[in-house]
Amino acid sequence: MTFAAGYRYRFDPTPEQADLLRRTFGCVRVVYNRALYERETAWRERRERIPFKVMSRWLPVWKAEWPWLAEVSSVPVQQTLRHLEAGYVRFFQRLGGKPRFKSRRDPQAATFMKTGFRWRDGELTLALMNQPLAIRWSRELPSAPSSVTISLDAAGRWHVTFRVEVEPEPAPEPLRPAIGIDLGLMRLAVSSDGASVANPRWLRQRQHRLRRAQRVLARKKKGSKNREKARRAVARLHARVADARRDHHHKLSTRWIRENQAIHVETLSLRGLARTRLARSLYDAAWGSLLAMLRYKAAWYVRDLVAIDRFYPSTRACSCCGTVGPKRALHVRTWTCDACGVTHDRDVNASHNILAAGHAVRAGAHPRRSPVEGTSDATGLARCASSVKQELAA
């Protein structure tokens, strides 16, 4: 079975290539914003939904209105309309937010399909270019690409992303049949096998340098070259934080996938948690990114990723007897069960409960939301998970 994957590399364009790509970004952005405006206007005034076929017929009219659209390849300009259509599809399916207008201050990107580039002898040449891109090959490309995306981030770094079909290598035999993982902020993750992953707090490590760079940026005159240099300095600090976080999450998720046949995690309401006073720490930990990596890697390597119910009291329930206790403040890291007298570490106990609840889900006893907190539903689920755990241990 093959999967579509993206391989991203840095590259250094020549001045001529950079100029052409920047003009392509501008054309893509203008067409996207114009199409979005027309769709929003049609819906607001006439309650009319405009499909992609209608939008594609607007392009010749806009090229007559803006002759500079013909100075770049037409492939990425057409593809941006497909991206807009895909954005609306995700929005209507409640898989993403509503499409928004693009700004020249945002990271820029343009996608070239097969008719917009030439791939020959390991070299990539885009349309209207005379020489291939100078790509920094950090790893071998597994197959010929079906599409290419050129991007320019806020830090001024150029990237090329190849979309290819890959067949993942078979994963090794797992060391454990299943594992429960509790995500946190004091510790990034605690697993039911006793392992603990420290939270590096990537943003906090660079907070002092970031504040100084932002103060320097605030003192620069708007529109000046010095302000642009200061903005790039701030963007580079943010890019280093994002790169370190992404690298750490990839290594951690790959290790979990390789060592375990099944991974049990909680279903988290990240949007709701981001409205609390812990928002900065939550964004710095990037739980959503880590869970997304686990999701697609589990599909690649034929592992089971089980998400238990969001309202399952994994922290409050005793992993020994299943009794659900009262709510406890975040600073309470250890507690003693009133029923059996066992003292628990907050995170370790939660990871054991998540492991047992995941087994209950796979056995068919799906956790359900309790209509009133503390009623028999939550208690019954905890006891069900505890009984499953005892049966597995026996």
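Just so you know, these numbers come straight off a predicted model, no measurement behind them.

It is worth spelling out the overall build of the chain at this point. When its secondary structure is counted, the chain shows 12 helices and 13 strands. Dimensions along the principal axes, computed over C-alpha positions, put the chain at roughly 80 × 50 × 50 Å. When the accessible surface of the chain is totalled, it reaches about 22700 Å², and 51% of it is carbon and sulfur. Averaged over its 72 positive side-chain charges, the chain has a centre that lies 8 Å from the centre of its 35 negative ones.

In the contact formed by helix α1 (residues 15-46) and helix α4 (residues 74-92), the axes pass within 9 Å of each other and the chain directions differ by 40°. Classed by the angle they form, the pair α1 and α4 counts as oblique. Crossing geometry of α1 relative to α4 is assigned as right-handed. Where α1 approaches α4, its residues T24, C27, V28, V31, Y32, A35, L36, R39 and E40 are matched on the opposing element by P76, V77, T80, L81, L84, E85 and Y88. Looking at the contact of α1 with α4 residue by residue, the classes come out as 11 nonpolar, 2 polar and 3 charged.

Throughout the structure, instances matching the rule amount to 21 salt bridges. The salt bridge involving R23 is made with E71; its shortest N-O contact spans 3.6 Å. Taken together, the residues R23 in helix α1 and E71 in the loop between α3 (59-65) and α4 connect sequence positions 48 residues apart. Residue class for R23 comes out partly exposed when judged on its relative accessible area of 33%. A residue is classified by how much of its surface remains accessible, and E71, at 46% relative accessible area, is partly exposed. Between R157 and D243 there is a salt bridge, with the nearest N and O atoms lying 2.8 Å from each other. Here the residue R157 occupies a position in the loop between β5 (147-152) and β6 (158-166), and D243 occupies one in helix α7 (residues 225-259), the gap between them amounting to 86 residues. Each of D153, R157, D243 and R246 takes part in one network of salt bridges that share partners.

Quick look at the sheet that holds strand β2 (residues 108-113) now. As summarised here, the arrangement of the 4 strands in space is β1-β6-β5-β2, forming an open sheet in which the pairing is antiparallel. The strands lining the two open edges of the sheet, one partner per strand, are β1 (3-10) and β2. The sheet shows a mean angle of 20° between the axes of neighbouring strands, direction not considered. Note that β2 and β5 share 6 bridges and pair antiparallel. When the sheet's bridge partners are listed, A109 is paired in β5 with S151.

Further remarks concern the UniProt feature "domain: Probable transposase IS891/IS1136/IS1341" (unreviewed entry) in the chain. In this structure's numbering, the residues bearing the UniProt feature "domain: Probable transposase IS891/IS1136/IS1341" (unreviewed entry) are residues 162-275. Helix makes up 48% of residues 162-275 and strand 25%, and the two end C-alpha atoms of the span are 36 Å apart.

In this structure's numbering, the residues bearing the UniProt feature "domain: Transposase putative helix-turn-helix" (unreviewed entry) are residues 5-47. Annotation note: span residues 5-47, helix share 74%, strand share 14%, distance between end C-alpha atoms 38 Å.

Glancing now at the packing of helix α6 (residues 207-218) against α7. The interhelical angle for the contact between α6 and α7, taken along N-to-C directions, is 160°, at an axis separation of 9 Å. When the axis of α6 is compared with that of α7, the two are roughly antiparallel. Read as a crossing pair, α6 and α7 show a hand that is left-handed. Counted together, R209, L210, A213, Q214, V216 and L217 of α6 and R227, A230, R231, V234, L237, H238 and R240 of α7 form the full contact between these two elements. Along the lines of polarity and charge, the residues of the contact of α6 with α7 split into 7 nonpolar, 2 polar and 4 charged.

Quick look at the nonpolar core now. Core analysis: the largest hydrophobic core is formed by 44 residues, its most contacted members being L124, L126, I150, V160 and F162. Sorting the residues of this core by element identifies β1, α1, α3, α4, β2, β4 (123-126), β5 and β6 as the ones contributing at least two each. Here the element with the most residues in this core is α1; it accounts for 11 residues. Discounting residues that sit within four places of it in the chain, V160 has contacts with Y7, R8, Y9, F11, L124, I135, V148, T149 and I150.

Quick look at the layout of surface pockets now. Reported here for the second largest pocket is a volume of approximately 1300 Å³. In this structure, the second largest pocket is lined by 34 residues; those nearest its centre are G6, Y7, R139, H250 and Y296. Elements with a contribution of two residues or more to the lining of the second largest pocket: β1, β5, β6, α7 and α10 (287-300).

Side chains of R204, R211, R212, R215, R219, K220 and R280 sit close together on the surface and give a patch of like positive charge. Here the positive patch takes 3 residues from α6, the largest share from any one element. Its place among the elements puts R280 in helix α9 (residues 279-285). Looking at R280, the relative accessible area reads 53%, which means it is exposed.

Moving on to the state of the cysteines. All chains considered together, the criterion is met by 0 disulfides. Not part of a disulfide, C321 finds its nearest cysteine sulfur in C337, a span of 3.6 Å.

The rules behind the values
- Residues numbered from 1 in each chain as written.
- Predicted model: local features only at pLDDT ≥ 70, side-chain atom pairs only at ≥ 80, totals over all residues.
- Heavy atoms only, no water.
- Helix = DSSP H or I, 4+ residues; strand = E, 2+ residues; numbered from the N terminus.
- Areas by Shrake-Rupley, 256 points an atom, 1.4 Å probe, with all protein chains shown as cover.
- Lys, Arg positive; Asp, Glu negative; His and termini not counted.
- Charge placed at Lys NZ, Arg CZ, Asp CG, Glu CD.
- Axes fitted to C-alpha atoms, helices over the stretch in contact; angles between N-to-C directions.
- Parallel < 35°, antiparallel > 145°, perpendicular 65-115°, else oblique.
- Left-handed = near helix turned anticlockwise from the far one by under 90°.
- Contact = heavy atoms within 4.5 Å.
- Nonpolar A, V, L, I, M, F, W, Y, C, P; charged D, E, K, R; others polar.
- Salt bridge = Lys/Arg side-chain N within 4 Å of Asp/Glu carboxyl O.
- Buried < 20%, exposed > 50% of the residue type's maximum accessible area, 1.4 Å probe, protein only.
- Pairing = 2+ DSSP bridges.
- UniProt positions renumbered as here; feature names shortened; annotations may be inferred.
- Core = buried A, V, L, I, M, F, W, Y, C linked by side-chain atoms within 4.5 Å.
- 1 Å grid on protein atoms, 1.4 Å probe; cavity = no way out; pocket = protein on both sides within 12 Å on 5 of 7 lines; lining within 4 Å.
- Points joined across faces, edges and corners; volume = space filled by probe spheres on them.
- Patch = residues over 30% accessible without salt bridge, like charges linked within 9 Å, V, L, I, M, F, W, Y side chains within 5 Å.
- Disulfide = S-S within 2.5 Å.

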